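# Secondary and tertiary structure notes
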Amino acid sequence: MSAIKKIEQVPAVLNGNQAVAEAIIHVGFEFEGYYPITPSSDAGEEVNRRLANGEADLSFVVGTSELAAIGICYGAAIAGARVVDVTSANGLLLKMEQIPVISGTRIPMVLNLSTRCVSGPLNIKNDHTDLATMLGMGWIILMAKNVQETYDMNIIALKLAEKVNLPVCVAYDGFHTSHGNRRIMIAKDQQDVRNYIGPKPKRPTCLDFDEPKTFGPYMNDDVINNKYQLHLAMEEAYAALPGMFAEFEAAFGRKYNFLDTYNLEGTDSALMMLNSAAEATKDAIDLAKKAGQSAPALISFNVLRPFPVKEVAQAIGGLKQLMVAERAHQYGAPLSYLASEVSTVAQQNRTDVRIYNRVFGLGGLNFIFRDAQVLMAQLAEAKAGKTIPVFDYYQHWDGDEKFAPAEKIKLPALEQYNQNCKYEKVDMNVLKKLASDMPSRVDKVSSCPGCGIFTNVEMFLKGIDGPTILSFNTGCGMVVSTGYPFTSFKVPYVHSLFHNASSTATGIVEHHKWLKSHGYTDKEITVISIGGDGSSDIGMDQLIGAGLRDTPFIYMEYDNKVYANTGAQMCYSGFKGSLSTTSHVGKSITGKQFHHKDIVEIMRGTNMSYIATIAETNPLDAVRKARRAQQVVREGGMAFIKAFSVCPLNWVTPDDSGPETTQAMLDSCLFPLYEIDHGITTLNFDPKDKKMSVTDALKTMGKATGHLYKAGGEVILAELQKEVDRRWARLKAYAENPIL
């Protein structure tokens, strides 16, 4: 190994996500595909902020879903870019279709995984159930136990990926590491890091027209040879890593190996832990030694794939007892993932070690030194000859059989919902009676002050009679209404994943149709699927599918213009120029770079039965449209309802700003009020000569658009005005010409 320049470093106080972002910028990644999911979102947000301020130089593309984001990454990598992505939990699972494609076509890239519990039930905190899904995907997996290592491992990851032409996943614990602030060392000059990484090795790309290549051909029997080459590439990575670690130590002064061991000399017992739990276990060991007590060793991993067989065999070779504790469980197997692999190594190397397995920390339960002391005590019992379970859970608790939550919701009698009235007979007096007399289907919620979601939902539900099933996708509306063990719903409720809401509703109504056709029920039901926070981005393909099938249910979207539930990232329905945490405003970029998605007109193209927009300032119009939507569903068609929904928390507007902002959207035609009934368009509100300018209307959206009133913003406002006028003219043409 030639002499490597020592890189000058400076201290910085960062959390894990910020350290990842710092590494992305320092390494010189050329492309980041992105979709928000807690707790990894902040890493992408920070890169976007730096990009807007001219402090980074890369393409940053927000996809419409996690699968879209990783597909975008794949395309950029095949074009030759140095590519990075960040994700967590179900976001990783949604990417999973593309994950083995990237490794199978030998594409080098880096994916940061801020580990999180895979739902359901929905839980956004840390465990390793998402990491477990990566184990057989052909990706190198590096582990980052702390904030410093999230920075370091990203640097090592790209260099390794390009050396062996394999993608690399860097796994660090959600919240425990991603949001934990620590003092770390980073390069003073990012160019030093880029020099350390070196120039991109030459590899095939789709931009080579002199010698065009085919990427990802169809294979039959030959695929086994492809997979064998993937196996050989992992062996190549295993052989390359010691040199990589030595080079990193020479440049940065921090030493890494496949494994970290602590207190291993002179002991015959050890705990084996991953990531942040290993750090807590060190504290427990130190406390025991300080008190003059014997303490077991600690073994932790820096590399999980390729699995370091020789290093594990050496570490456990002199042990009599080993407890492997993991934040994941492979249900139905005798041991968890890591314990199974370590047991295989022990058996193949004929060691005498007795292996115990504990599953802990699922759903983000903290693991601190006191928890490590409990496991150390169990290990000491085994060493003393006492019998302890080979496998067990730690940190779970027995339920209280006597516990019965106090009734928080008084359920109205079903008859109170049966305020049947034919749509043809609905007049103003009937609408007023429905709006005042229809019982609420949703009780108290813990939404932010001024939130428009349940204002719109409650308003719309006033026009819905009879038995109703509500299905919410993941988002603000779901999170604030179903905190276990309580619920806000007085009717049957189903949670579906972010993108699956329309498909979940389809399954319900299609089976109900089957039950009716076979005489098992004669009940008339209405299924209403409710989504927002970008649900028509990530779930647009399934929503369009339902529209094309004209499946008989109502889909209601509350359009709050951002992905509010994950921290106000850019949503495709947001207005051009608007500020979000992934459409920052700086000297190089001014907010969202393209116009707002017109999902209503997209759904028009499906030829579904009924489409309408509603607004909280026109409640009787909303109730009338609810009646019409339900009639359409009862006739066998689908209804799509879009509501403008204020978000005072993220827009930084007064809690009572909903009516003013909503009316401004209608008056300016930024959010036109209309319906499309079996292809016929009707305008429900026309401001005519009192039409408000876009410039005046957007003043009501607070921080989201406030920057547009500074120098340079007038250009974007003019572009917005031109686009809104174009869409409004087209909409009027639709209304005037039934054939359109």
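Quick summary incoming for the structure in this document. Because the structure is a prediction, the values reported are computed rather than measured. (Residues numbered from 1 in each chain as written. Predicted model: local features only at pLDDT ≥ 70, side-chain atom pairs only at ≥ 80, totals over all residues. Heavy atoms only, no water.)

## A word on the side chain of D550
- With respect to the helices and strands, D550 occurs in the loop between helix 19 (540–549) and strand 19 (554–559).
- A distance of 2.9 Å separates a polar atom in the side chain of D550 from the backbone nitrogen of M638.
- Not counting residues within four places of it along the chain, the set of residues in contact with D550 comprises M608, S609, G636, G637 and M638. (Helix = DSSP H or I, 4+ residues; strand = E, 2+ residues; numbered from the N terminus. Polar contact = N/O pair within 3.5 Å; in protein donor to acceptor, adjacent residues only side chain to side chain. Contact = heavy atoms within 4.5 Å.)

## Some points on the nonpolar core
- With 87 residues, the main nonpolar core has F460, L470, I554, F640, I641, M665 and L698 as its most contacted residues.
- Every residue in contact with I641, bar those within four places of it in the chain, is listed here: F460, I554, Y555, M556, E557, Y610, A612, I614 and A629.
- By size, the runner-up hydrophobic cluster in this structure holds 69 residues, among which are A69, V164, I184 and C571. (Core = buried A, V, L, I, M, F, W, Y, C linked by side-chain atoms within 4.5 Å. Buried < 20%, exposed > 50% of the residue type's maximum accessible area, 1.4 Å probe, protein only.)

## Section: the environment of I602
- The residue I602 is located in helix 20 (residues 599–604) in this model.
- As a C-alpha pair, I602 and M540 span 62 residues in sequence and 9.6 Å in three-dimensional space.
- The residues touching I602, leaving out its near neighbours within four places in the chain, are M540, I544 and K597.

## Some words on helix 10 (residues 276–290)
- Look at helix 10: 22 Å from first C-alpha to last across 15 residues, which is about the 21 Å you get at 1.5 Å a residue.
- Along helix 10, the positions that sit buried rather than exposed are S276, A277, A278, A280, T281, A284, I285 and A288.
- Elements that come into contact with the buried residues of helix 10 comprise strand 7 (168–173), strand 9 (259–262), strand 10 (269–273), strand 11 (297–301) and helix 13 (369–383).
- Among the residues trailing helix 10, G292 stands out with phi positive, at a value near 80 degrees. (Expected span 1.5 Å × (residues − 1).)

## Points about helix 23 (residues 658–668)
- Counting buried positions along helix 23 yields eight of eleven residues, so the element is predominantly enclosed.
- What helix 23 keeps buried is the set G658, T661, T662, A664, M665, L666, D667 and S668.
- Considering only its buried residues, helix 23 is in contact with strand 23 (639–644), helix 22 (648–651), helix 24 (694–697) and helix 25 (713–736).

## Thoughts on the pattern of salt bridges
- A full pass over the atoms with the stated rule returns 40 salt bridges.
- Salt-bridge contacts for E66 lead to K95; the nearest nitrogen and oxygen are separated by 2.8 Å. Linking E66 in helix 3 (residues 66–78) with K95 in helix 4 (residues 89–95), this pair joins segments that are 29 residues apart in sequence.
- What makes K95 buried here is its relative accessible area of 0%.
- Several salt bridges share partner residues, and in doing so they unite E22, E46, R49, R50 and E55 into one network. (Salt bridge = Lys/Arg side-chain N within 4 Å of Asp/Glu carboxyl O.)

## Some words on a nonpolar patch on the surface
- Together, M219, V223 and I224 make up an exposed nonpolar region whose accessible area comes to about 250 Å².
- Relative to the assigned elements, M219 resides in the loop between helix 8 (190–197) and helix 9 (223–252).
- A relative accessible area of 35% means that M219 is categorised as partly exposed. (Patch = residues over 30% accessible without salt bridge, like charges linked within 9 Å, V, L, I, M, F, W, Y side chains within 5 Å. Areas by Shrake-Rupley, 256 points an atom, 1.4 Å probe, with all protein chains shown as cover.)

## Some thoughts on the packing of aromatic side chains
- Inspection of every chain in the model, using the stated rule, returns 21 aromatic pairs.
- Relative to F307, the ring of F301 lies with its centre 5.6 Å away and its plane at 35 degrees, an arrangement referred to as tilted. There is no split in this pair, since F301 and F307 are both buried.
- Ring geometry for F454 against F472: centres 6.0 Å apart, planes inclined by 15 degrees, an arrangement best described as stacked. (Phe/Tyr/Trp six-rings, centres within 6.5 Å; stacked < 30°, edge-to-face > 60°.)

## Some thoughts on the sheet that holds strand 3 (residues 59–62)
- Across the sheet, seven strands lie side by side as 3-2-4-5-7-6-12; this open sheet has mixed pairing. Strand pairing shows two members of the sheet lacking a second neighbour, strand 3 and strand 12 (303–305), which therefore form its edges. On average, each strand axis in the sheet is inclined to that of its neighbour by 20 degrees, with strand direction left out of account. (Pairing = 2+ DSSP bridges. Axes fitted to C-alpha atoms, helices over the stretch in contact; angles between N-to-C directions.)

## Here's the deal with the sheet that holds strand 17 (residues 493–496)
- Pairing within the open sheet is mixed, and its eight strands lie in the order 17-16-18-19-23-22-24-25. Of all strands in the sheet, those bounded by a partner on one side alone are strand 17 and strand 25 (680–683). Direction aside, the axes of adjacent strands within the sheet are offset by 20 degrees on average.
- The sheet contact formed by strand 22 (residues 610–614) and strand 24 (residues 674–677) spans three bridges and is antiparallel.

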